[in-house]
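If you want the building blocks of each chain, they are given just below.
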Amino acid sequence: MNELFSNLGLYLSRSFVQNALIVGVLIALCSSLLGVTLVLKRYSFIGDGLSHVAFGAMAVAAVMGLTNDMPLVLTVTVVCAVLLLRMGKNAKIKGDAAIAMISVGALAIGYLLMNIFNTGSSNLSGDVCSTLFGSTSILTLSTFDVWMCVILSVLVVLFFVLFYNKIFSVTFDESFARATGQRAGLYNLLIAIVIAVIIVVSMQLVGSLLISALVIFPALSAMRMFKSFKSVTICAAIVSVVCALIGLFTSILAGTPVGSTIVAADIVVFAIFSLLGAVTKRTA
Amino acid sequence: MKKLISLLFTALFVLSLAACSNGNTSQPAAPASSAVSETTAEIPATSPAATEPAAANQSAKSADGIDVDLTAMSSTMVYSDVLNMQQTPDEYIGKIVKMKGPFNVSEIGDNRYFACIIADATACCSTGIEFVWAGDHSYPEDYPKKDQEITVVGTFNTYMEGSSKYMQLKDAEVEF
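Conventions we followed
- Starting afresh in each chain, residues are numbered from 1 along the sequence in its written order.
- Written order determines the labels here, with chains lettered from A and ligands numbered from 1.
- Per-residue local features are limited, in this predicted model, to residues with pLDDT of at least 70; the limit for side-chain atom pairs, both in listing and counting, is 80 or more; totals at the level of whole chains, interfaces and linings are taken over all residues.
- Labels follow the DSSP assignment, with helices taken as runs of H or I lasting at least four residues and strands as runs of E lasting at least two, numbered in each case from the N terminus.
- Radius of gyration means the value over C-alpha atoms here, while the globule rule gives 2.2 Å times the residue count to the 0.38 power.
- Buried residues are those with 20 or more other C-beta atoms within 10 Å of their own C-beta, exposed residues have 12 or fewer, and partly exposed residues lie in between; C-beta atoms are placed from the backbone.
- One nonpolar core equals one set of buried Ala, Val, Leu, Ile, Met, Phe, Trp, Tyr and Cys residues connected by C-beta atoms within 7 Å.
- Two strands form a pair only when DSSP identifies at least two bridges running between them.
- Any helix carries an expected span of 1.5 Å times its number of residues minus one.
- Comment: arc refers to directions from the helix axis out to C-beta atoms.
- Inter-axis angles, ranging from 0 to 180 degrees, are taken between N-to-C directions of lines fitted to C-alpha atoms, where helices are fitted over the stretch in contact.
- Any angle that falls under 35 degrees is termed roughly parallel, while one over 145 is termed roughly antiparallel, one within 65 to 115 roughly perpendicular, and all others oblique.
- By convention the crossing between two helices is left-handed if the near helix lies anticlockwise of the far one by an angle smaller than a right angle, and right-handed if it lies clockwise.
- Residue pairs qualify as contacts under a 7 Å threshold applied to their C-beta atoms, which are placed from the backbone.
- Residues are grouped as follows: nonpolar covers Ala, Val, Leu, Ile, Met, Phe, Trp, Tyr, Cys and Pro; charged covers Asp, Glu, Lys and Arg; every other residue, Gly included, is treated as polar.
- You can read pLDDT as the predictor saying how much it trusts each residue, on a scale of 0 to 100.
- Every crossover in which the path from the first strand over the helix to the second runs clockwise, viewed with the strands pointing away from the viewer, is termed right-handed.

K.L.:
So what's going on with the overall build of chain A? Which residues, and what values?
P.N.:
The secondary structure content of chain A amounts to 13 helices and zero strands. When the elements of chain A are put in sequence order from the N terminus, they spell out α-α-α-α-α-α-α-α-α-α-α-α-α. The C-alpha radius of gyration computed for chain A amounts to 19 Å, which stays within 12% of the reference 19 Å derived for 284 residues, consistent with globular compactness. C-alpha atoms of chain A, sized along the principal axes, occupy 55 × 50 × 30 Å. Residues counted as buried form 52% of the 284 residues belonging to chain A.

K.L.:
Which residues make up the overall build of chain B, and what values go with them?
P.N.:
Across its full length, chain B holds three helices and six strands. Ordered by position in the sequence, the α and β elements of chain B form the string α-α-β-α-β-β-β-β-β. When burial is assessed residue by residue, chain B has 31% of its 176 residues classed as buried.

K.L.:
Lay out the environment of A:Gly105 with the relevant residues and their values.
P.N.:
Within the secondary structure, A:Gly105 is located in helix H5 (residues 95-116). Sequence separation between A:Gly105 and A:Gly56 is 49 residues, and the spatial gap between their C-alpha atoms is 8.5 Å.

K.L.:
Now, about the nonpolar core: what can you tell me, with residues and values included?
P.N.:
A:Ala54 and A:Ile195 are the most contacted members of the largest nonpolar core, which totals 130 residues. Sorting elements by how many residues they give to this core places helix H2 (residues 15-40) of chain A first, with 16 residues.

K.L.:
Please set out the pairing of strand S3 (residues 111-118) of chain B residue by residue, giving values where relevant.
P.N.:
Residues and elements named next belong to chain B. In the sheet, strand S2 (residues 96-108) pairs with S3 via six bridges, with the strands oriented antiparallel. Residue pairing in the sheet places Ile-108 in a bridge with Asn-111 of S3. As paired elements, S3 and strand S4 (residues 127-133) share four bridges and run antiparallel to each other. Each residue of the ladder has a partner; that of Cys-116, found in S4, is Ile-129.

K.L.:
I'd like a rundown of helix H7 (residues 143-162) of chain A, residues and numbers included.
P.N.:
Residue and element names in this part refer to chain A. Counted at 1.5 Å a residue, the expected span for H7 with its 20 residues is 28 Å, and the 28 Å between its end C-alpha atoms agrees. Looking at H7, one finds that the buried residues are Met-148, Cys-149, Leu-152, Ser-153 and Val-156. Looking down the long axis of H7, one finds its buried residues gathered within 130° of arc, a one-sided arrangement. Among the exposed residues of H7, those oriented more than 90 degrees off its buried face are Thr-143, Trp-147, Ile-151, Val-154, Leu-158, Val-161 and Leu-162.

K.L.:
Give me the lowdown on the packing of helix H12 (residues 229-254) of chain A against helix H13 (residues 258-283) of chain A, citing residues and values where you can.
P.N.:
The axes of two packed helices give the description: the angle between them and the distance between them. All names here are of chain A. One way to put it is that H12 packs onto H13 with a least axis distance of 8 Å and a crossing angle of 135°. The angle between H12 and H13 falls in the class oblique. In the packing of H12 onto H13, the handedness of the crossing is right-handed. Along the contact surface, H12 presents Val-239, Cys-243, Ala-244, Ile-246, Gly-247, Leu-248, Thr-250 and Ser-251, while H13 presents Val-258, Thr-261, Ile-262, Ala-265, Asp-266 and Val-269. Tallied by class, residues from the contact of H12 with H13 come to nine nonpolar, four polar and one charged.

K.L.:
Could you give me a rundown of unusual backbone geometry, with the residues and numbers involved?
P.N.:
Residues and elements named next belong to chain B. Each neighbour pair has its own omega, and for Tyr-139 with Pro-140 the value is 10°, a cis peptide bond. Looking at the secondary structure, you find Pro-140 in the loop between S4 and strand S5 (149-161). In this model, Asp-147 sits at a positive phi of 75°, which is unusual for a non-glycine residue. Considering the arrangement of structural elements, one finds Asp-147 in the loop between S4 and S5. Of the residues examined, Asp-147 has 11 C-beta atoms within 10 Å and is grouped as exposed.

K.L.:
Summarise the confidence of the model for chain A; cite the residues concerned and give the values.
P.N.:
Predicted coordinates in areas of low pLDDT are best not read in detail. Scored by pLDDT, chain A has a mean of 84; 92% of the residues are at 70 or more. Ranking the helices and strands of chain A by mean pLDDT puts H12(A) first, with 92, and helix H6 (residues 124-133) of chain A last, with 70.

K.L.:
Could you give an account of the pairing of S2(B), with specific residues and numbers?
P.N.:
All names here are of chain B. One ladder, built from two bridges, connects strand S1 (residues 68-69) with S2; its direction is parallel. In the sheet register, Asp-69 faces S2, and the bridge partner there is Lys-98. Between the parallel elements S1 and S2, the chain passes through helix H3 (residues 75-87) in a crossover that is right-handed. The pairing of S2 with S5 spans seven bridges and is classified as antiparallel.

K.L.:
With reference to specific residues and values, describe helix H1 (residues 2-12) of chain A.
P.N.:
For H1(A), the full list of buried residues reads A:Ser6, A:Asn7, A:Leu10, A:Tyr11 and A:Leu12. Each element contacted by the buried residues of H1(A) is listed here: H2 and H12 of chain A together with H3 of chain B.

K.L.:
Please provide a residue-by-residue account of the environment of A:Leu141, values included.
P.N.:
Locating A:Leu141 in the fold gives a position in the loop between H6 and H7. In the structure, A:Leu141 is positioned 119 residues away from A:Ser260 in sequence and 18 Å away in space, judged by C-alpha atoms.

K.L.:
Any chance you could break down the confidence of the model for chain B for me, citing the residues and the numbers?
P.N.:
All names here are of chain B. Across chain B, the average pLDDT comes to 70, with 61% of residues at or above 70. No element of chain B has a lower mean pLDDT than helix H2 (residues 34-40), which averages 32, and none a higher one than S5, which averages 92. The complex model carries a pTM of 0.74, and its ipTM stands at 0.71.

K.L.:
How would you explain the packing of H2(A) against helix H11 (residues 211-225) of chain A if you had to name every residue and give the values?
P.N.:
Residues and elements named next belong to chain A. Interaxial distance between H2 and H11 falls to 7 Å at its minimum, and their mutual angle equals 70°. Viewed along their axes, H2 and H11 adopt a mutual orientation that is roughly perpendicular. For the pair H2 and H11, the crossing hand works out as right-handed. On H11, the residues that touch Ala-28, Ser-31, Ser-32, Gly-35, Val-36, Leu-38 and Val-39 of H2 are Leu-214, Val-215, Ile-216, Pro-218, Ala-219 and Leu-220. Looking at the contact of H2 with H11, its residues break down into 10 nonpolar, three polar and no charged.

K.L.:
Let's hear about the environment of A:Gln182: which residues, and what values?
P.N.:
Residues and elements named next belong to chain A. Its place among the elements puts Gln-182 in the loop between helix H9 (174-179) and helix H10 (184-206). Assessed through the 16 C-beta atoms surrounding it within 10 Å, Gln-182 is described here as partly exposed. A C-alpha to C-alpha distance of 8.0 Å links Gln-182 and Lys-166, two positions 16 residues apart in sequence. The contacts of Gln-182, once residues within four sequence positions are left out, are Lys-166, Ser-169 and Ala-177.

As structure tokens, this is what we get:
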């Protein structure tokens, strides 16, 4: 046990581990805040679709030789998020089909481009593995990535705090919000942009295939225990941050992949909360 | 009951955040083996300029004076540390690095490069770190056989060859 703590102390003295912890906590916080809205609006799968779009954009950035791919990936993902939302109910390709189409299309094209333009000098398997499953990418962040994550996270939290009441009304009854003169379309658009931002930032932590877990698991866990929007949101944020920290510490100590370890922690917490929820329901 | 559980999770959250602070880094990690500890004592001192690690990446030294002990780390940390060495080599210059893995040699033109292969956490590929053995040693008599497991302790350094920057462990002590 002593050796474990001394190893942990040694690891924590490394700047890239400190960066990973800061970014991990911020990403977990942001993803859980909007997660509640996404789950309630039945948009859980949009995160998955957008993360695949982000993977495709990342592949294009790699092919173009961009050392900093964040601006391109962010722009493409935000545009796709807005397009998906703006397609509307009267579009020829309906919402779920459009998400599925863009999702697998971007994933396939991204991997295809990376293979065709791979010069042999880069570690293609490692890059793809890291991008899809977030095996170690959060432990290899550049200073720019860290600052970008911090700024975007602050913006997301500010958006959530400032527009809390609007998000609440749009989430529960969009028609009522429209009837009372609120610009539901605008707030939906803003939510889509913020979701895209969260997806791009979260890719660093868990990889593009596991992002949905980071978004929906904390919200679902909190919903097992609490009923009001506010308490569910607060609980989801706490659960998400705690799971991210447990996952990160376990990963660096036991040598397991970062992304899947965090998701495993989320699954365990979900199981515990489901059990606790059932017990408290019976005792109430 | 719900309030109690909420309180419990708030306390857990605060505790986990407290864990983010720097641990007791002065606590040295246990040396991997006594034999290697003896070897590291013989490592020649590096130049003052080279021994100043970048403040941004300062790490605690172990009892045997090793800054980055890749042999005592988890596979995730090894992969991340090696990748960070490649991405930000300047932050590692002058640090004493210890590594373990199969020996490899490659000959390009008139030059011969000796390396220790570091296993990859993603299990798809490995990275070789070049080393320059301190003292006079002739190849192949004094060197280990290819793929034989070796332990290398040396000072991290970078050098330019053509337009490319390469990393190596100089003044290295090799055990096999």
